[in-house]
Amino acid sequence: MPDTSPWVNYKGLRIHGSLFKRGIVAVVREGDALSVQKMGSGKNHLFINDRELSFEIASKNQTTKLFFELLNYSKDGEAAPVILEQGNCDSVTIINPKCEEEIFWPLTFVETRKTEGLYVYPWLSKPTENFMFDEGFECFVSAGCMFGSGLIGRNQKDESFAFIKYGKEFFEEEVITNVINESGPSPYEEMLFSEFKRYLVLIKKLSAKNVEPELFYHLPYYDYILFGVMLFARGRIILPALKNLIKIIAKKTEEHADRIIRMCNNEGVQINIVSPFQNLFGDLIQDILRPCDLTEEADVTSNLLKALELSSFKIEPLKDSEAKKNEKEFVRWCLKKLITNRYDQQLCEMWQDFINKENLEEISTLDSLFKTANAVVTGIAAKGKADYKVCSFLPVSEKQIQVDYAVHSKNLAEYPAVFNITALDPLFAYDAPITEGLIFYFELCSSTISKLINDKKILDKAFENIGLFSARKSVPKSERKFLPKPTRIEEVISAEGVFTPLSFSLSPK
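Here goes a summary of the coordinates provided. Bear in mind that the values here come from a model prediction, so they are computed numbers and not experimental data.

### Observations concerning the overall build of the protein
Step number 1: Scanning the protein from N- to C-terminus turns up 16 helices and 18 strands.
Step number 2: Of all 509 residues assigned to the protein, the portion counted as buried reaches 57%.
Step number 3: Of the contacts made within the protein by residues no fewer than 6 positions apart, 76% connect residues no fewer than 24 positions apart.
Step number 4: Here the protein has roughly 21,900 Å² of accessible surface; of this, 48% comes from carbon and sulfur atoms.

### Examining the packing of helix α11 (residues 345-356) against helix α12 (residues 366-382)
Step number 1: Where α11 meets α12, the axes come as close as 10 Å, and the angle between the chain directions of the two elements is 125°. Between α11 and α12, the angle is such that the two are oblique. For the pair α11 and α12, the crossing hand works out as right-handed. In contact with Gln346, Leu347, Met350, Trp351 and Phe354 of α11, α12 contributes Leu369, Thr372, Ala373, Ala375, Val376, Gly379 and Ile380.
Step number 2: Each residue belonging to the contact of α11 with α12 can be placed in one class, and the counts come to nine nonpolar, three polar and no charged.

### Structural notes on unusual backbone geometry
Step number 1: Its identity is not glycine, yet Asn210 carries a phi of approximately 65°, on the positive side.
Step number 2: Residue Asn210 is classed as exposed on the basis of its relative accessible area of 82%.
Step number 3: The phi torsion at Lys457 lies on the positive side, around 55°, for a residue other than glycine.
Step number 4: Examined against the element boundaries, Lys457 turns out to sit in the loop between α14 (446-454) and α15 (458-473).

### Observations concerning the sheet that holds strand β11 (residues 160-162)
Step number 1: Taken in spatial order, the three strands of this open sheet run β11-β10-β12, and their pairing is antiparallel. At either margin of the open sheet sits one strand with a lone partner, and together these are β11 and β12 (176-181). Mean inter-strand twist for the sheet, computed between neighbouring axes without regard to direction, equals 30°.
Step number 2: Running over the sheet, helix α6 (residues 239-267) touches β10 (151-155) and β12 and is turned about 15° from β12.

### With respect to α12
Step number 1: Look at α12: 24 Å from first C-alpha to last across 17 residues, which is about the 24 Å you get at 1.5 Å a residue.
Step number 2: For α12, the buried fraction is high: 15 of the 17 residues fall into the buried class.
Step number 3: Following α12 by one or two positions, Gly384 adopts a phi angle in the positive range, close to 85°.

### Structural notes on the packing of aromatic side chains
Step number 1: Under the defined criterion, the tally for this structure stands at 17 aromatic pairs.
Step number 2: A ring pair is formed by Phe147 and Tyr224, whose centres lie 5.7 Å apart and whose planes are at 35°; its orientation type is tilted. Of this pair, Phe147 sits in the loop between β9 (139-143) and β10 while Tyr224 sits in helix α5 (residues 221-233); the two residues are 77 residues apart in sequence, bridging distant segments of the chain.
Step number 3: On the basis of relative accessible area, Phe147 is assigned to the buried category, the value being 1%.
Step number 4: On the accessibility criterion, Tyr224 (6% relative accessible area) is buried.
Step number 5: Geometrically, the ring pair formed by Phe163 and Phe227 is edge-to-face, given 5.6 Å between the ring centres and 85° between the ring planes. Here Phe163 is found in the loop between β11 and β12, whereas its partner Phe227 is found in helix α5, with 64 residues between them in sequence.
Step number 6: Judged by its relative accessible area of 2%, Phe163 falls in the buried class.
Step number 7: Judged by its relative accessible area of 8%, Phe227 falls in the buried class.
Step number 8: Three or more aromatic residues joined by ring pairs form one cluster here, namely Phe55, Tyr119 and Phe469.

### Some thoughts on the environment of Leu70
Step number 1: By the element assignment, Leu70 lies in helix α3 (residues 62-71).
Step number 2: Note: C-alpha distance between Leu70 and Phe133 (63 residues apart in sequence) is 7.1 Å.

Cut-offs and rules
- Residues numbered from 1 in each chain as written.
- Predicted model: local features only at pLDDT ≥ 70, side-chain atom pairs only at ≥ 80, totals over all residues.
- Heavy atoms only, no water.
- Helix = DSSP H or I, 4+ residues; strand = E, 2+ residues; numbered from the N terminus.
- Buried < 20%, exposed > 50% of the residue type's maximum accessible area, 1.4 Å probe, protein only.
- Contact = heavy atoms within 4.5 Å.
- Areas by Shrake-Rupley, 256 points an atom, 1.4 Å probe, with all protein chains shown as cover.
- Axes fitted to C-alpha atoms, helices over the stretch in contact; angles between N-to-C directions.
- Parallel < 35°, antiparallel > 145°, perpendicular 65-115°, else oblique.
- Left-handed = near helix turned anticlockwise from the far one by under 90°.
- Nonpolar A, V, L, I, M, F, W, Y, C, P; charged D, E, K, R; others polar.
- Pairing = 2+ DSSP bridges.
- Expected span 1.5 Å × (residues − 1).
- Phe/Tyr/Trp six-rings, centres within 6.5 Å; stacked < 30°, edge-to-face > 60°.

In structure tokens, the structure reads:
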């Protein structure tokens, strides 16, 4: 019997062929039946954590209205979106059945004669029935994590594990004795920058006329440092390992910042790299982010711990109850510092705005502190502006950042409503029960996935397939023979040499 499985094997991976033709790269480890079962065998379903998304016809609701508002605006007139007539096409949008407003539409655009697409879910932080989008956005906000599963912690038994995992459970005497960053490109980071390249194209097209596009980008170097410091306060990482972690964070920050700045400069987008935690560190910011100077002699880590009033902590593994108490005290100290230290006066005032409206008892963990920090970052770009003049552009894996601003700013008049664009990540990896689609936590076959991205240009083809797929679905079947077909995964993994994108034109119906 012929093989009817939608999965295609490639060097230890299985890639979902039907989803790839629709612009989604979904991978599992070859032979991992549990992940395949969780992922589903049909071409119409996609799982991300607790979300089960499916390709269906979108209903007419607020999201549909917002999407078509976006289609009707283009700063330079170059956008060529595929206009979908309700009921005239099948299975083009991706919906969340448990949340009828969460609809990801295929937004296609032309850049340098190449047509690509993104699945985007537009929504408002403060919903209104009378929203009109006709003047473009004044500025944009975005963010991205670093490392992914390539940042490795090792304990006293020489066991390795992904370092950035907030809910990791330690055995009774376990401590992290070393932290290393695996060499070579991280699949998560390569996906991040591939997405960011497309975001910049749309930022240019959706910005206000006669205004240079401006982007505020949250690079979470201090967030990562705080995570490491909290482990130190719990007695779960020794000082030499913490010092090494901070060196690694500093080096990675420099790499990310340089790459982001170059990409923005190439696209004519003004870039501001920001952090909500600068008031915790004061003048140490320059020392921490100068990797070449992070020597033992400089001892930046000891100065940092002194600044955070942790230099006298008794370092030993803590029981859960003690760890939670320590964390609450540390977070409370951070909050006090953030609203009183005037190293950055504007940030000081913003933390006061958001914290004063919250019950301080609810901000008792590092995770809840980060949620408030997410709101502060968006507030940096939005405060004092009119409603819907700021656009937050993030992948669905970072949607919580947009939710945090919506929750925290709800009753703050000086912080306006923000237009959110949540884009569907193009790459999903499944390794049950460890990860449910998030490539950030996927630890297997990283070299193979990176080569698929960098050598085989699999994500470039995926973005192109979104445009090809939606274009074919938006015209009568009799006319589809005149349009190129989406690229099959077999063509990508067998291709050699330089990737040449297809070029074709789309016109609104």
